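Results of the structural survey
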Amino acid sequence: MKKILTVLLVAVMSLLSMKSVSASSISVDLYSDYAYLFDRSRSIVYRDDQSEDQIYPASMTKILTTIVAIEALENADVNLDDTVTIVSEDLAGLYEAGASTAYLEVNEEISYRDLLYGVLLPSGADACQALARLTYGSVESFVDAMNEKASSLNLENSHFENPTGLHDDNHYTTVKDISVILDDALNNDTFKEVFTTSVYTSSTGAHTWYSTLYRASSSTMDTSILDGAKSGYTTEAQYTLATLMTIDGHELILVTAHATTDEDLFTHVADALTVYHYMIDHFHSITLYKKDDEIGNYMILGANMINYVYENTEDISLLLENDISYDDLNIQLESPSVILIAPIEANEVMMTMEVSYNDEVIYSYDFVLETTIDISYTILALELGIPTIVIVAMVCLALRKIYRSR
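Scope of this entry: the structure provided in the associated data block. Please read these numbers as outputs of a predicted model, since none were measured by experiment. (Residues numbered from 1 in each chain as written. Predicted model: local features only at pLDDT ≥ 70, side-chain atom pairs only at ≥ 80, totals over all residues. Heavy atoms only, no water.)

What follows covers the pattern of salt bridges. When the charged atoms of two side chains with opposite charge come close together, those side chains can pair. Scanning the model with the defined rule gives 11 salt bridges in all. Taking the shortest distance from any N to any O, the salt bridge between E71 and K149 comes out at 2.9 Å. Of this pair, E71 sits in helix 2 (residues 61-75) while K149 sits in helix 6 (residues 139-152), and the two are 78 residues apart along the sequence. Linked through salt bridges whose partners overlap, the residues forming this network are R40, D183, K192 and E251. (Salt bridge = Lys/Arg side-chain N within 4 Å of Asp/Glu carboxyl O. Helix = DSSP H or I, 4+ residues; strand = E, 2+ residues; numbered from the N terminus.)

Vacant regions in the atomic arrangement are exposed by a probe of water-molecule size rolled over the atoms. What the largest pocket holds in volume is close to 370 Å³. The wall of the largest pocket is formed by 20 residues, among which S59, S100, S123, G232 and Y233 lie closest to the centre. Among the secondary structure elements, those contributing two or more residues to the lining of the largest pocket are helix 9 (212-216) and strand 7 (228-234). Among the elements that take part in the lining of the largest pocket, strand 7 stands out by supplying 5 residues, more than any other. (1 Å grid on protein atoms, 1.4 Å probe; cavity = no way out; pocket = protein on both sides within 12 Å on 5 of 7 lines; lining within 4 Å. Points joined across faces, edges and corners; volume = space filled by probe spheres on them.)

With that settled, consider the nonpolar core. Residues M279, L288 and M353 are the most contacted members of the largest nonpolar core, which totals 56 residues. No other element matches the 8 residues that helix 10 (residues 267-282) contributes to this core. Sequence-distant contacts of M279, defined by excluding residues within four places in its chain, comprise I26, L37, Y46, I247, L252 and L319. Grouped together as the second largest cluster of nonpolar side chains are 54 residues, I63, L104, L121 and I181 included. (Core = buried A, V, L, I, M, F, W, Y, C linked by side-chain atoms within 4.5 Å. Buried < 20%, exposed > 50% of the residue type's maximum accessible area, 1.4 Å probe, protein only. Contact = heavy atoms within 4.5 Å.)

This next bit is on the packing of helix 5 (residues 125-136) against helix 6. Where helix 5 contacts helix 6, the axes come no closer than 8 Å and their chain directions differ by 85 degrees. Between helix 5 and helix 6, the interaxial angle falls into the category roughly perpendicular. Along the contact surface, helix 5 presents Q129, A132, T135 and Y136, while helix 6 presents V139, S141, F142 and A145. Across the contact of helix 5 with helix 6, the residue classes tally to 5 nonpolar, 3 polar and no charged. (Axes fitted to C-alpha atoms, helices over the stretch in contact; angles between N-to-C directions. Parallel < 35°, antiparallel > 145°, perpendicular 65-115°, else oblique. Nonpolar A, V, L, I, M, F, W, Y, C, P; charged D, E, K, R; others polar.)

What follows concerns a negative patch on the surface. A contiguous patch of negative charge on the surface is contributed by E89, E140, D144 and E148. Here D144 is to be found in helix 6. Residue classification places D144 among the partly exposed residues on the basis of a relative accessible area of 47%. (Patch = residues over 30% accessible without salt bridge, like charges linked within 9 Å, V, L, I, M, F, W, Y side chains within 5 Å. Areas by Shrake-Rupley, 256 points an atom, 1.4 Å probe, with all protein chains shown as cover. Lys, Arg positive; Asp, Glu negative; His and termini not counted. Charge placed at Lys NZ, Arg CZ, Asp CG, Glu CD.)

Spelled out as structure tokens, the structure:
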């Protein structure tokens with residue numbers, strides 16, 4: 001019976017696998033030729049301009065560099081405030097390549113934490129190479145780790161040749177792939193803290209670094225409304241930017257590439273601000289379910305409870321256009337079965353929700369079990385034993401009547 005239910009559950013899950021689509025796509029003019037905008041928590045895409053076409057990322061590469069370094073340091077249980085010494089190897093080739101640096105010097109002592117900020121805020125190629133050496137022994141080994149990380153995120157359209165973003169014909173990605181990298185990196189608290197910092201002074205006081213958004217801010221460009229960003233520029237890539245913004249409680253990632261201009265303007269940042277203002281003016285959040293709302297009731301055989309009430313584990317809301325209300329949405333809930341057999345493992349899908357607008361599915365969501373429901377053999381014995389006793393008793397009574405009738 002358990003095997004049958006499991007097969008049915010797998011079949012239903014495959015049919016109802018999460019696939020989010022947008023109710024609309026925002027239409028604003030951008031300087032950038034490539035753009036990708038999506039909601040981190042709901043995976044709804046709001047803008048897609050050639051998101052899977054090959055681009056050169058320039059210094060957006062350093063998002064991947066930073067998270068690969070952080071994860072290596074965490075795995076090695078390194079204290080980020082420990083100090084290290086900059087060596088000539090960390091600066092090799094950067095001046096000749098015209099790379100941006102954090103102005104580190106040979107024999108300078110600096111902390112690991114300082115280096116992380118030195119990568120993302122001033123876009124320091126020297127900090128990149130120092131972290132590569134310190135975490136993987138060499139830039140070459142570090143680049144291998146970068147590509148392994150990309151592979152683990154299923155990024156088939158990306159390949160990296162260096163940790164700095166300096167141009168190489170074989171160093172490429174897509175704006176969608178960069179958004180996936182940033183989304184993953186933002187799950188790390190250390191990365192998010194660094195990425196969303198505007199100004200940072202190194203532990204020794206020798207350096208004060210400013211983020212892309214801080215440097216772009218002016219009386220006509222209020223960048224404080226954006227949570228964080230990492231920019232890039234090479235002649236081949238033109239201006240690129242990966243941005244985090246919050247719209248009505250929803251964290252959105254915008255990645256743009258190949259913004260060009262003849263004017264003295266941060267066009268890539270201007271694009272991010274254009275998108276932010278459009279989303280603020282035209283979209284609002286609609287709550288579908290709140291945390292702890294009762295979603296469904298189940299009978300679970302072999303567990304300590306016969307009746308199990310599934311409660312939602314998070315607030316679920318969608319960021320939709322202002323002219324769409326909750327009443328305009330059609331919300332359908334489907335469950336593989338209301339009768340289940342213990343044990344039920346954590347992360348098992350209990351119910352799937354589909355949200356439609358104008359007869360088009362715009363969002364789907366799996367309600368999953370947070371903790372395992374263990375089997376109770378005592379309860380299972382009772383549940384199986386009582387029917388067995390009843391059947392045996394009925395058979396005995398029938399045989400007794402037959403015997404007496406003789």
